[in-house]
Amino acid sequence: MSDTRDLKASFLEGMSRAAASVSVVTTDGPAGRGGVTVSAMTSISADGDTPTMLTCLNASSSALPLVLENKCFCINVLAIGQTDISDVFSSRRPPPGGDKFNAVTVHTMATGAPTLPEALVNFDCRLISAEQHGTHHICIGAVEAVRVAPEGEPLLYGMRKYLRAEDH
């Protein structure tokens, strides 16, 4: 048993050293509106009928059942200077007026999922599959629309804190 705990602790420490962009995954539809901060998201492929992406959502997240029922989500990649948004959607900071969406401006694109127009990029996705693996669901989406900000740098997370990439 201690070997398993040691492996998990080593894994978590190792992953803390892998910097990742910070995103807020949002959804809206018949099940309601929700959102959560994630660092686990990536492209799968640009080929095929439509590009595809994945994000991993914790099974205990209040946003997960909404994504599963609404069948859509938007990956909003945050920019430097948007740590407050990340903190609200990760529940590190209380949401203004009790609603996370009071902390942001919201628009919609193709799927109806909320997009954060001040984000660096929005990937509006239709959910095509979700599979639980351990404590998380791997949610795969077909990208229906993309909005890219004209400029900005991604907000990064690593070493258990927000980071900023350096230009050399």
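Residues numbered from 1 in each chain as written. Predicted model: local features only at pLDDT ≥ 70, side-chain atom pairs only at ≥ 80, totals over all residues. Heavy atoms only, no water.

1. A word on the overall build of the chain
Scanning the chain from terminus to terminus reveals 3 helices and 12 strands. Scaling as 2.2 N^0.38, a compact globule of 168 residues should have a C-alpha radius of gyration of about 15 Å, and the chain matches this with 16 Å. Taken over the C-alpha atoms alone, the chain extends approximately 50 × 40 × 40 Å along its principal axes. Across the chain, every contact between residues at least 6 apart in sequence was considered, and the portion connecting residues at least 24 apart equals 62%. Accessible area for the chain stands at about 9300 Å²; split by element, carbon and sulfur atoms hold 54% of it. (Helix = DSSP H or I, 4+ residues; strand = E, 2+ residues; numbered from the N terminus. Rg over C-alpha atoms; globule rule 2.2 N^0.38 Å. Contact = heavy atoms within 4.5 Å. Areas by Shrake-Rupley, 256 points an atom, 1.4 Å probe, with all protein chains shown as cover.)

2. Looking at the packing of aromatic side chains
Tallied over the entire structure, the rule returns 2 aromatic pairs. Ring plane angle 85 degrees and centroid distance 5.3 Å describe the contact between Phe89 and Phe101, whose orientation is recorded as edge-to-face. Of this pair, Phe89 sits in helix H3 (residues 83-89) while Phe101 sits in the loop between H3 and strand S7 (107-108), placing them 12 residues apart in sequence. Overall, Phe101 belongs to the buried group, its relative accessible area being 7%. Ring plane angle 80 degrees and centroid distance 5.6 Å describe the contact between Tyr157 and Tyr162, whose orientation is recorded as edge-to-face. Looking at Arg33, its charged tip hangs above the ring of Phe101, at a distance of 4.2 Å from the centre. (Phe/Tyr/Trp six-rings, centres within 6.5 Å; stacked < 30°, edge-to-face > 60°. Buried < 20%, exposed > 50% of the residue type's maximum accessible area, 1.4 Å probe, protein only. Lys NZ or Arg CZ within 6 Å of the ring centre and 35° of its normal.)

3. Here's the deal with unusual backbone geometry
Excluding glycine, a negative phi dihedral is what most residues carry, and trans is how most peptide bonds are arranged. Of note in this structure, Ser91 is not a glycine but carries a positive phi near 65 degrees. Relative to the helices and strands, Ser91 is located in the loop between H3 and S7.

4. Looking at the layout of surface pockets
Within this model, the largest pocket holds a volume of roughly 1000 Å³. Forming the walls of the largest pocket are 29 residues, and the residues nearest its centre are Thr37, Val38, Ser39, Ala40 and His136. Elements with a minimum of two residues in the lining of the largest pocket: helix H1 (2-16), strand S3 (34-38), strand S5 (52-58) and strand S11 (156-158). (1 Å grid on protein atoms, 1.4 Å probe; cavity = no way out; pocket = protein on both sides within 12 Å on 5 of 7 lines; lining within 4 Å. Points joined across faces, edges and corners; volume = space filled by probe spheres on them.)

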